[in-house]
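Report on the structure
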Amino acid sequence: MSLIELKNISKTYYIGNKVAVRALNDVSLKIEQGEFVAIMGPSGSGKSTLLAVLGLLDELDSGEYILQDKNIAHLKEDDYAGLRNRFFGFIFQMFNLLPKLNIVDNTMLPFIYSGEITEEKKQKAMGILKRVGLGDRLHHKPNELSGGQQQRVAVARALANDPLVILADEPTGNLDSKSSAEIMGILKELHGQGNTIVMVTHESGIAAAASRVLTLKDGKIVRDEVRRRHDKLPDSKTIEIKHKAKHVFSFSQLINYSYEAGLALLNNKLRSFLSILGVLIGVGAVITMLAIGTGAKQKVEQTMSSLGTNILMVRTSHRSRGIAMGGESSTRFNFSDYDSIKRMDGVKSVVPYVSGSAQVVNKNKNWRTSIVGTTYEYKDVKNSDASEGRFFSMSEGLGRKKIAVLGAAVVKELFADENPVGQSIRINRVNFEVIGVLPEKGISGWRNVDDQIVIPIKTAMYRLLGKDYIDYFDVQARDEESIPLVQEEIVKMIVKNHRLSEAASESIMVRNMAEIQAAASAMTDTLSVLLGGIAAISLLVGGIGIMNIMLVVIMERTHEIGLRKALGAQRGDILLQFLVESVMICFVGGMIGVVLGSVVSWLISTFVGWNAVISLWSVILAFTFSVVIGVVFGIWPAYRASKLLPIVALRYE
Ligand code: ADP
């Protein structure tokens, strides 16, 4: 049984549809266990191509590849990766070490693709490094070593998985003569210990170490010279082509990729910072915008509920069928309407209102504010019992007493820190006694409800505003179910009391607070979606930035991808590695973005006074979204990387 047998192998390179070069032309070759084969020939004769074919790094056009009597010419790429990992050790002219990793980690690279990384394997890697004379350099990075030492690390890496064959492409091509001699010494020693070696070289001095020399010319073997015969060695291990389906997402692999991704990010700090920044701003914006949206919604809901529950608003519009009819012709409510509504079945209470504005004076302080004339029912329906002093009673409310309950903002303007209860003020030059202060409610959408004075309705009508009608009512239904009935009854009653025509009845508006509440909620929901959507677009832009960076990263690291594939990385391994890197960028960006968004929301609510509420789900949403962006925008570059043919990646300039 030969170790490797090639039968009628051809490899042609095309440029477009035209044959560019017939790099290998019907080559047949047998390599036995324990041989040291040198491949020689002029430049361009096909030496590297033959070595790449032997190492399963390249696709064949035609011919058979028989490895230990098994034809493996038609396997899948991942199966080749498995075979490369376990049975081949590569040594390249340019060493191809990963500069970020120390030499032990470099030596251990093949282990990543052959299963779990264990302490035992680490010991083994260190043992091999000692064997090639680097025992005192274990924690060095490749760029801290001489060329000869770097190539020794590459030899150690080639030996890590006890390969069947060591394939070396001009291993001394980049070394001075002393280092060359050292490396050849190591190779000879390995050969002496029974290792099979195939080496490309164009120097006959180097080829002298080999036991057999093949000479290529124009893609054909023109000479095959056996210089030293040796006993045929027993096969050291037999191959098993179908490797066990490897668990691509093993935990130790993931850790390893995360570690390397971290190193890669740290290695290029400015670039990493900028790509993280894109995601960070996106996530921060999403969090802040959602916080503002949620805050607005909460505020609206609060305001609505402070207006009372099961409330119907009874108004007249001054417009009918789109034509302004003027104050005179619109319906004016009176106290008999008030009494009628009050007597209705489903009605709990009715609050009549007269409103206007007036100039208020306390000593030398002056303030213009709104005047609300109403009855004692106001304090119950509006949850507005006096926070200091008292509200007026039922009889006071319907009498014409000159008493007033002040809103907090009015108190602030007219009394500053003084207690207003019991004091006297002038409203439009009429003296009023302050009997209480309304509870503070804050700004409710369009107006400041604290900036008002509440007085008995008849006082307002006859002593202050000169009106003989009621402006509008708030009606509180007994429960939710009675709302529609009450709504209908009120309209009917008013139409009858005022003998309104069909057309004029349309000017009576009885609005249900629940409807208004729903409309307001829908509006704030739309606002949230809009704000969140705009922010999400910025996150998307960040994602595109990541894709861009990952494409550049992959181009820069094409060599590395080729090397990893040569060492046995399957497509899934490469895909996962670059995916981990882009997800890591998004993960870090997401984390900082959450913090940033929270800080900005806090700043906005503290200094601008908007209500901004960060909800847990918005944090989870933004964070998840950012990681998803990492996957979505990372997957295409990672996929492209994983698809590269090993030899193409290795030769990429
Ligand atoms: P050697 O190692 O003997 O110098 P190679 O095996 O590298 O030769 O190349 C054999 C021939 O194939 C050369 O003429 C080279 O230009 C050509 N060749 C190698 N790779 C490619 C490629 N990817 N596309 C086109 N031609 C190629």
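All values derive from a computational prediction rather than experimental measurement. (Residues numbered from 1 in each chain as written. Predicted model: local features only at pLDDT ≥ 70, side-chain atom pairs only at ≥ 80, totals over all residues. Heavy atoms only, no water.)

Description of the overall build of the chain
Helices and strands together make up the secondary structure of the chain, namely 22 helices and 24 strands. Summarising its shape, the C-alpha atoms of the chain cover approximately 130 × 55 × 40 Å along the three principal directions. In the chain, the share of contacts with a sequence separation of at least 24, taken over all contacts with a separation of at least 6, comes to 77%. By element, 57% of the accessible surface of the chain is carried by carbon and sulfur atoms, the whole surface being about 30500 Å². Taking the average location of the 74 positive side-chain charges in the chain and that of its 66 negative ones, the two points are 3 Å from each other. (Helix = DSSP H or I, 4+ residues; strand = E, 2+ residues; numbered from the N terminus. Contact = heavy atoms within 4.5 Å. Areas by Shrake-Rupley, 256 points an atom, 1.4 Å probe, with all protein chains shown as cover. Lys, Arg positive; Asp, Glu negative; His and termini not counted. Charge placed at Lys NZ, Arg CZ, Asp CG, Glu CD.)

Quick word on the packing of helix H4 (residues 119-131) against helix H5 (residues 147-159)
Between H4 and H5, whose axes approach to 9 Å, the crossing angle comes to 135°. One element, H4, and the other, H5, form an angle in the oblique class. Every pair of crossing elements has a handedness; the one defined by H4 and H5 is right-handed. Between H4 and H5, the residues in contact are Ile128, Leu129 and Arg131 and Val153, Ala156 and Leu159, respectively. Classifying every residue of the contact of H4 with H5 by side-chain character gives five nonpolar, no polar and one charged. (Axes fitted to C-alpha atoms, helices over the stretch in contact; angles between N-to-C directions. Parallel < 35°, antiparallel > 145°, perpendicular 65-115°, else oblique. Left-handed = near helix turned anticlockwise from the far one by under 90°. Nonpolar A, V, L, I, M, F, W, Y, C, P; charged D, E, K, R; others polar.)

Quick word on the packing of aromatic side chains
A complete count under the given rule lists 10 aromatic pairs for this structure. Both rings, one in Phe90 and one in Phe92, keep their centres 5.9 Å apart while their planes meet at 10°; by these two values the pair is stacked. Accessibility classification places Phe90 together with Phe92 in one group, the buried group. Members of the aromatic cluster, connected to one another through ring pairs, are Tyr353, Tyr378, Phe391, Phe392 and Tyr472. The cationic tip of Lys458 hangs over the ring face of Phe335; the distance from NZ or CZ to the ring centre is 4.6 Å. (Phe/Tyr/Trp six-rings, centres within 6.5 Å; stacked < 30°, edge-to-face > 60°. Buried < 20%, exposed > 50% of the residue type's maximum accessible area, 1.4 Å probe, protein only. Lys NZ or Arg CZ within 6 Å of the ring centre and 35° of its normal.)

Quick notes on the sheet that holds strand S9 (residues 212-217)
Across the sheet, six strands lie side by side as S6-S7-S8-S3-S9-S10; this open sheet has mixed pairing. One side of each edge strand has no neighbouring strand; the edge strands of this open sheet are strand S6 (88-91) and strand S10 (220-226). Along the sheet, successive strands turn relative to each other by an average axial angle of 15°, direction set aside. In this sheet, S9 lies alongside strand S3 (residues 36-40) in parallel orientation, the contact comprising four bridges. (Pairing = 2+ DSSP bridges.)

Re the site of the ligand
In the neighbourhood of the ligand, the contacting residues comprise Tyr13, Val21, Ala23, Pro42, Ser43, Gly44, Ser45, Gly46, Lys47, Ser48, Thr49 and Arg651. Within the contact set of the ligand, an oxygen atom lies 2.8 Å away from a backbone nitrogen or oxygen of Gly44. At 2.7 Å from a nitrogen atom of the ligand is found a side-chain nitrogen or oxygen belonging to Arg651. For the ligand, whose accessible area on its own is 560 Å², the fraction buried by protein is 67%. Of all the secondary-structure elements, those providing two or more residues to the shell around the ligand are strand S2 (18-31) and helix H1 (47-54). For the shell around the ligand, the leading source of residues is H1, giving three residues. (Near = heavy atom within 4 Å. Polar contact = N/O pair within 3.5 Å; in protein donor to acceptor, adjacent residues only side chain to side chain.)

Let's talk about the environment of Val486
With respect to the element layout, Val486 can be found in helix H16 (residues 483-497). Taking relative accessible area as the criterion, Val486 reaches 1% and is therefore assigned buried. As for Val486 and Met344, which are separated by 142 residues in sequence, their C-alpha atoms are 7.6 Å apart. For Val486, the residues in contact, after removing those within four places along its chain, are Leu312, Gly346, Val347 and Val475.

Quick word on a nonpolar patch on the surface
A cluster of nonpolar side chains, Leu540, Phe625, Val628, Val631, Val632, Ile635, Trp636 and Tyr639, forms an exposed patch at the surface whose accessible area comes to about 660 Å². Within the secondary structure, Phe625 sits in helix H21 (residues 616-643). Taking the relative accessible area as the measure of exposure, Phe625 reaches 31% and is therefore partly exposed. (Patch = residues over 30% accessible without salt bridge, like charges linked within 9 Å, V, L, I, M, F, W, Y side chains within 5 Å. Salt bridge = Lys/Arg side-chain N within 4 Å of Asp/Glu carboxyl O.)

Things to note about the environment of Asp468
Secondary-structure assignment places Asp468 in the loop between helix H15 (457-465) and strand S23 (472-477). In contact with Asp468, not counting residues within four places along its chain, are Met461 and Tyr462.

Structural notes on H16
Helix length check: H16, at 15 residues, gives a terminal C-alpha distance of 21 Å against a target of 21 Å (1.5 Å per residue), a fit within 8%. If you check which residues of H16 are buried, you get Ile483, Val486, Gln487, Ile490, Met493 and Ile494. The buried residues of H16 occupy one face: seen down the axis, they fall within an arc of 135°. Residues of H16 that are exposed and point more than 90 degrees away from the buried face comprise Leu485, Lys492 and Lys496. Where H16 is buried, its residues meet strand S11 (311-316), helix H11 (335-343), strand S14 (347-362), S23, strand S24 (508-512) and helix H18 (513-556). (Expected span 1.5 Å × (residues − 1). Arc of directions from axis to C-beta.)

What about the packing of helix H20 (residues 571-608) against H21?
Direction vectors running N to C along H20 and H21 enclose 150°, while the axes themselves pass 7 Å from each other. In terms of orientation, H20 and H21 fall into the roughly antiparallel class. When the axes of H20 and H21 are compared, the crossing they make is right-handed. Grouping the constituent residues of the contact of H20 with H21 by class yields 18 nonpolar, six polar and two charged.

Considerations on the pairing of strand S1 (residues 4-15)
Direction of pairing for S1 relative to strand S4 (residues 62-67): antiparallel, over a ladder of five bridges. Across the sheet, residue Leu6 finds its bridge partner in S4, namely Tyr65. Between the antiparallel neighbours S1 and S2 lie two residues, among them Gly16 with a positive phi of about 65°.

Side note on H4
An α-helical segment advances 3.6 residues per turn. Residues three or four places apart therefore align on the same side. A rise of 1.5 Å per residue sets the reference length of H4, with its 13 residues, at 18 Å; its end C-alpha atoms lie 18 Å apart and thus fit the reference within 8%. Taken residue by residue, H4 has Ala125, Met126, Ile128 and Leu129 as its buried positions. Down the axis of H4, the sector holding all buried residues measures 160°, keeping them to one side. Along H4, exposed side chains directed more than 90 degrees from the buried face belong to Glu119, Glu120, Lys130 and Arg131. The secondary structure elements touched by the buried residues of H4 are helix H3 (103-112) and H5. The first or second residue beyond H4 is Gly133, which carries a positive phi of 85°.

Here we look at unusual backbone geometry
We note that Asp26 has phi near 55°; this positive angle belongs to a residue other than glycine. Mapped onto the fold, Asp26 is located in strand S2. Judged by its relative accessible area of 41%, Asp26 falls in the partly exposed class. Residue Asp218 is not a glycine yet carries a positive backbone phi of 50°. Secondary-structure assignment places Asp218 in the loop between S9 and S10.

Points about the pattern of salt bridges
Under the criterion given, the structure shown has 24 salt bridges. Across the pair Glu35 and Arg212 runs a salt bridge whose closest N-O atoms are separated by 3.0 Å. Of the two residues, Glu35 sits in the loop between S2 and S3 while Arg212 sits in strand S9, which places them 177 residues apart along the sequence. Arg212 carries the same exposure label as Glu35, and that label is buried. The salt bridge partner of Glu581 is Arg557, with a shortest N-O separation of 3.0 Å.

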